[in-house]
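Observations on chain architecture
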Amino acid sequence: MEPPKVYSVQNLLKAPLSFDEKLLVKKGGRPIPDLQISSTSASKTRTYRRVFNRNIYEKYEWMCGCSVTNKLFCFMCLIFKEEVSAWNTKGLDDLKHMAERAKKHENSVSHMNACMDFSLLGKGNIREQLGSAYLRDKIKHNENVEKNRHILRRLIMCIKFCGAFELALRRLDETLTSDNPGIYVGLVNFASELDAVLAANMEGSQVFKGASKTIKNELLDAMLHVYKQEVLKEIQSANFIALEADETTDTSNPQQMVVIIRYVLNGQICERFWSFFKPGGHNAGIVANTLLNELETILNLNYPASDNNTSANKNKLIAQTYDGASVMSGKINGVQAIIKRTFLHAHYIHSYAHQFNLIIERAAQCNKNVKVFFANLQSFSRFFSRTPKRTAIVDEIVQHAPTRGNFKSRTVNALFEHQHSFREWLDKIIDEDGTDSVTISEASGLLNHLNCPDFLYWLKIFHFIMPHAEILFNHTEIRGIESAQMQAAVEEFQEQIMLIRKAIVNINHERINEEPTMKRQKLTAGEDRADIAREVCDTILSQIVDRFDFKDHLSAAKLFDSKKFKTYRRSFPQRHFDETVKSYPMLDSVKLKSELSALYARDNMCDVSGLLPFLVFITDNDLKKVMTETYKLLDIICTTPMPTTECERCPSTLKRIKTFLNNVTISEDRLNALAVLSIEKKFVQSIPDFDNKVIEVFSRLNNRRMDFMYKK
C-alpha cells in the first residue's frame, strides 16, 4: 500500500478545497520540510543569530512549513480559512518573535475553530455524536465487538497451539457428525466446553464459524503479517543483517528454499525465520532474483526514498551464507556473485553446517579404493539396523547402533574398536539354524570386509581422522559461537590432519590384524596405500582452505582477543587491522585504530572474554558515541554467521509440518504461517499484544459481517 500523499503549502494556498480534498489533505498530514530561515539581531554588547530548528514542529503540532517561501504556516488554518491572517496567507519567518506570535495565534478563536473542524473532519455530524441515541448505539456496538474479539482470541489460541506443536489444522471431513474432524476442530470444541461465549457462538451463529476453512486461512495470513511486521521493525533497528539460505525438498518433492535473517539487537544475536519459497528453477539467475526480491522487501528498497537512504540500506547487508554447491557459491556467475553486484559488502561465507559432509565426501571421491571402502562401510549400517534382533546385537557390543549421522563417524569407530566381536557375531549368524540364504550372503560379505587388509587399513586411517572432523562439525552446530572460536577450531583441525599425514608411513608398516590367509586387494599400477592416504589428507586440507575462503571476519575477531591485548600494546596488530578495513570500507580506519589502541591500553579490558560481552559493555555503559567504529565492527562480526544450523533446522520443520498436515498442496503463505508458529513460537509469544494485532489485521482483510472494530 502506497503512503498517503503529503500536500505542500503552495497547493493549500490556492483555491478553496472541496470536502474530499480536505479529507486527502488530512490523511496526508502536514508538510514539515527543513527551512533555510535565519535572522540576526544585536544588543549593546553582542550580536545574536537565530536559525531554523526542526524542534519547532514538535513544539507546535499545528505548524507546517513551505520550502518555496521559507516561511511557517498554520496547517489547520490553511485548510479551514475561518479568518484571514498571516498564518494562512503570507506565512511568518520572524524567529525572534516566533514564540510570542505562535502563542497569540493559539489563543485566537479562529484557530480554535479550525482545529475543531480539522479534528471532526470525516467523523460524521457533531449533533449525531452528541445525541443520546448515538451514545447508546456506540456502547452496544462496542460490547458486541468485545464479544466477537473474545471468540476470535480463542480461535487464535487454538491455531497457535496446533502450530507450536506441529499438529494438523485440517482433516478431509470436518463436519459436526464426523468421528474424527481433526485436532483443531476438536480443540475448538473442547475450548467451547470451558467458555460459554464461544459455545453460544458455535451453536447459534450463522455468520462466523470458528471451524471454517476460510476463517483459519485468513487468521494464518494475519498472524504471518503481524510476525513479519515485528521482524521488519527489528531489522530496521539493527545496524547490519546477514542472509542465510538453504535448499531442501518437502514431502511432495518440489524444491523449497528457506531464508533466515541474522542481526544483532540489544546485545543479542537474533536469527529469524523469514520464509519458505519455491524459486521456480535451479539455475543461479532464478534463485538470485528470488532472493533479491525478498531482500527488497526486507530492506524496504521499494519505498520512495532518497539515494542516500537506498545506499545505506544496501550497505546494511554484510554477509550471505549458502551451501557449497557451485550454483550458490560460484565466484563469477553463482548466486552469491549476482547478489554482491547489488549489495557490494555482502561477503559470501560457506555454510559451516555443510563443511563436515562436503569435506569428507570430497576426500572419499579422490580415489577408487576409498570410494569402495565407504560403500562397504554403509552396508554394515544397513545390515545391523534392518531388524530389532540385529540392533540388539550391536547394542550388546558397543552400547549404541551405528548410524548415518556425521558421515558414518560412529560406524567407523564402532567397527574399529570392536571388530573381533563383530566377526564372532557374523559367524554366529551364518551358523544359526534357520538363517535364510539372503542373510547368510550379506553376513558372509560383511565378514569378508572385516577380513580384508585394505578395508581394515582404511578403517584405521579414518578412525584417526573422524574424531577431529567430528569436533569441527560439533563446533559448527554451537549456536552463538564467535568467529575467534570458529577460527581456532579450523586451525586445530588442520594441525591434527597434518599430524595424521606425517604418521601415515608408520601406520602403513604396522600389521593391521592380518591373518595368514588374508589376500590383499590389488592396487592400480603405481599406487600405494600410503600415497592414497596422504592424498586423502591433502584433499581434506585443500577443501578446508577452499570452504573457509573468506576469513576476514575471523581476522577481524582477532583484534578483540583480550588475551593478546598486552602484546597489542607493544605491537599493534596491523595485518589483521588492514584486512578488516579492506573488507569493511564503511569503517573509519583512523578513528577505529585510535579506539582500539585506547582499548588495548586499559588493563580492565584484558578480563573481557568474547565479542558479545564487548558489545554489551559498550551498549550498557553508553559508549556508542565514544567508540563508534569499534561498536560498528563488533556489530558486523557478530552479525556475520558462524554456524548456520538454523537453516538446517527449518527444512526439518518443513517436512514435519507437511507430514502432520496430510496436505502437500498447502499454499506458500499458509506454509510460512505454520512454520512461524513452530520455528518462532518463543518470539511470537514475546510480541506485545500479538492477538489484538492479529485481530486488527484480520478485520481489514475482508468485508466482515461481524464487527471487530471499536467505535471511538
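It should be noted that the structure appears before, not after, this text.
Notes on the structure follow. (Residues numbered from 1 in each chain as written. Predicted model: local features only at pLDDT ≥ 70, side-chain atom pairs only at ≥ 80, totals over all residues. Heavy atoms only, no water.)

1. Quick look at the overall build of the chain
Heads up, the rule is: Secondary structure elements follow DSSP: runs of H or I of four or more residues count as helices, runs of E of two or more count as strands, with numbering from the N terminus. Relative accessibility under 20% of the residue-type maximum defines a buried residue, over 50% an exposed one, and the middle range a partly exposed one, all with a 1.4 Å probe and only protein chains included. When checking whether two residues touch, look at their non-hydrogen atoms; a contact exists if any pair is within 4.5 Å. Here the open area of atoms and residues is found with the Shrake-Rupley method and a 1.4 Å probe, where only the protein chains shown may cover a residue.
Along its length, the chain carries 34 helices and nine strands. The buried share of the chain, reckoned over its 712 residues, is 48%. A separation of at least 24 residues holds for 69% of the contacts in the chain among residues at least 6 apart in sequence. Here the chain has roughly 36,500 Å² of accessible surface; of this, 50% comes from carbon and sulfur atoms.

2. Observations regarding the pairing of strand β6 (residues 255-265)
So the rule is basically this: Should DSSP find at least two bridges between two strands, the strands are taken to pair.
Of all 11 residues making up β6, 11 are buried, and the element is well covered by its neighbours. Both faces of β6 are covered, namely the face carrying Gln 255, Met 257, Val 259, Ile 261, Tyr 263 and Leu 265 and the face carrying Gln 256, Val 258, Ile 260, Arg 262 and Val 264. As judged from the nine bridges shared by β6 and strand β7 (residues 268-277), these two strands associate in the antiparallel manner. What sits directly across from Tyr 263, in β7, is Cys 270. Hairpin connection from β6 to β7: two residues lie between these consecutive antiparallel strands, with Asn 266 at a positive phi of about 55°.

3. Describing unusual backbone geometry
Phi at Asn 266 is positive, roughly 55°, even though this residue is not glycine. Looking at the secondary structure, you find Asn 266 in the loop between β6 and β7. For Asn 266, a relative accessible area of 71% corresponds to the exposed category. Backbone geometry places Asp 622, a non-glycine residue, at a positive phi of 55°.

4. Quick notes on the pairing of strand β2 (residues 47-51)
The pairing of strand β1 (residues 38-42) with β2 spans five bridges and is antiparallel. Among the inter-strand pairings, Thr 40 is bridged to a residue of β2, identified as Arg 49. If you look at the hairpin formed by β1 and β2, you'll find four residues sitting between the two strands.

5. Let's talk about the packing of helix α9 (residues 183-194) against helix α10 (residues 196-204)
Which entries qualify depends on this criterion: Lines fitted to C-alpha atoms define the axes, with helix axes restricted to the stretch in contact, and inter-axis angles between N-to-C directions lie between 0 and 180 degrees. Just so you know how the angles are binned, under 35 degrees is roughly parallel, over 145 roughly antiparallel, 65 to 115 roughly perpendicular, and the rest oblique. By convention, the crossing between two helices is left-handed when the near helix turns anticlockwise from the far helix through less than a right angle, and right-handed when the turn is clockwise. Under the convention adopted here, Pro, Cys and the residues Ala, Val, Leu, Ile, Met, Phe, Trp and Tyr are nonpolar, Asp, Glu, Lys and Arg are charged, and Gly plus all remaining residues are polar.
For the pair α9 and α10, interaxial distance at closest approach is 6 Å and the crossing angle is 125°. Taken as axis vectors, α9 and α10 run oblique relative to one another. With respect to the hand of their crossing, α9 and α10 are arranged in left-handed fashion. Between α9 and α10, the contacting residues are Val 188, Asn 189, Ala 191, Ser 192 and Leu 194 on the first element and Ala 196, Leu 198, Ala 199 and Met 202 on the second. For the contact of α9 with α10, the residue count by class is seven nonpolar, two polar and no charged.

6. As for the packing of aromatic side chains
The following threshold applies: Any Phe, Tyr or Trp ring, taking Trp's six-membered ring, that has another such ring centre within 6.5 Å forms a pair; planes under 30 degrees apart are called stacked, those over 60 apart edge-to-face, and the others tilted. The criterion for a charge sitting over a ring is simple: Lys NZ or Arg CZ within 6 Å of the ring centre, and within 35 degrees of the ring normal.
Inspection of every chain in the model, using the stated rule, returns 24 aromatic pairs. Ring geometry for Phe 373 versus Phe 462: centroids 5.7 Å apart, planes at 10°, classification stacked. Remark: Phe 462 occurs in helix α22 (residues 453-476) and Phe 373 occurs in helix α17 (residues 368-384); sequence separation between them is 89 residues. With respect to burial, Phe 373 and Phe 462 carry one shared label: buried. By the ring-pair criterion, three or more aromatic residues cluster together here, those being Phe 373, Phe 374, Phe 380, Phe 455, Tyr 457, Trp 458 and Phe 462. It is Arg 529 that lies over the ring of Tyr 457; its NZ or CZ is 4.6 Å from the centre.

7. Quick look at the packing of helix α12 (residues 284-298) against helix α15 (residues 335-342)
Contact geometry of α12 with α15 gives a least axis separation of 9 Å together with a crossing angle of 40°. Comparing their axes, α15 and α12 come out oblique. Our pair here, α12 against α15, has a crossing hand that is right-handed. Contact with α12, carried on its side by Ala 284, Gly 285, Val 287, Ala 288, Leu 291, Leu 292 and Leu 295, involves Val 335, Ile 338, Ile 339 and Thr 342 of α15 and no other residues of that element.

8. Topic: the nonpolar core
Applicable threshold: As used here, the term nonpolar core means buried Ala, Val, Leu, Ile, Met, Phe, Trp, Tyr and Cys residues forming a set that is joined through side-chain atoms within 4.5 Å.
Ranked by size, the top nonpolar core spans 75 residues in total, and within it Leu 291 and Ile 339 carry the most contacts. When near neighbours in sequence (up to four residues on either side) are disregarded, Leu 291 contacts Leu 243, Ala 245, Met 257, Val 259, Phe 277, Tyr 322, Val 335 and Ile 339. Formed by 47 residues, the second largest nonpolar core is a distinct cluster that contains Val 370, Leu 446, Leu 447 and Ile 465.

9. Side note on α12
Quick reminder: α-helices carry 3.6 residues per turn. Residues three or four places apart thus point the same way. In plain terms, the rule: Expected helix span is given by 1.5 Å per residue-to-residue step, counting one fewer step than there are residues. As used in this structure description, the phrase polar contact means that two N or O atoms lie within 3.5 Å; if the pair is within protein, one of them must be able to donate a hydrogen and the other to accept it, and residues adjacent in sequence are counted only when both atoms belong to side chains.
Taking 1.5 Å of rise per residue, the 15 residues of α12 would be expected to cover 21 Å, and the 21 Å separating its terminal C-alpha atoms lies within 8% of that figure. Here α12 has its buried residues at Ala 284, Val 287, Ala 288, Thr 290, Leu 291, Leu 292, Glu 294, Leu 295 and Ile 298. One side-chain oxygen at the N-terminal end of α12 lies 3.1 Å from the backbone nitrogen of Gly 285; it belongs to Asn 283. Downstream of α12 by one or two residues, Asn 300 has phi in the positive range, about 60°.

10. Structural notes on the side chain of His 141
For His 141, the location among the structural elements is in helix α8 (residues 132-164). A relative accessible area of 15% means that His 141 is categorised as buried.

11. Remarks on helix α29 (residues 611-620)
So the rule is basically this: The directions from the helix axis to the C-beta atoms are what the arc is built from.
For α29, the full list of buried residues reads Leu 611, Leu 612, Phe 614, Leu 615 and Ile 618. What you see down the axis of α29 is that its buried residues fit within an arc of 160°, all on one side. Positive backbone phi, approximately 55°, marks Asp 622, located one or two places after α29.

12. As for the pattern of salt bridges
Operational definition: The rule for a salt bridge is simple: a side-chain nitrogen of Lys or Arg has to be within 4 Å of a carboxyl oxygen of Asp or Glu.
Per the stated rule, a full pass over the model turns up 20 salt bridges. Ionic pairing is found between Arg 262 and Glu 271, a salt bridge with its closest N-O pair at 3.1 Å. The same class applies to Arg 262 as to Glu 271, namely buried. The salt bridge involving Lys 558 is made with Glu 491; its shortest N-O contact spans 3.6 Å. A residue pair is termed long-range when its members are at least 10 positions apart, and Lys 558 in the loop between α25 (552-557) and α26 (565-570) and Glu 491 in helix α23 (residues 483-509) qualify at 67 residues. Look at Glu 491 and you get partly exposed, because its relative accessible area is 32%. Connected through shared salt-bridge partners, Glu 230, Lys 233 and Lys 693 make up one network.

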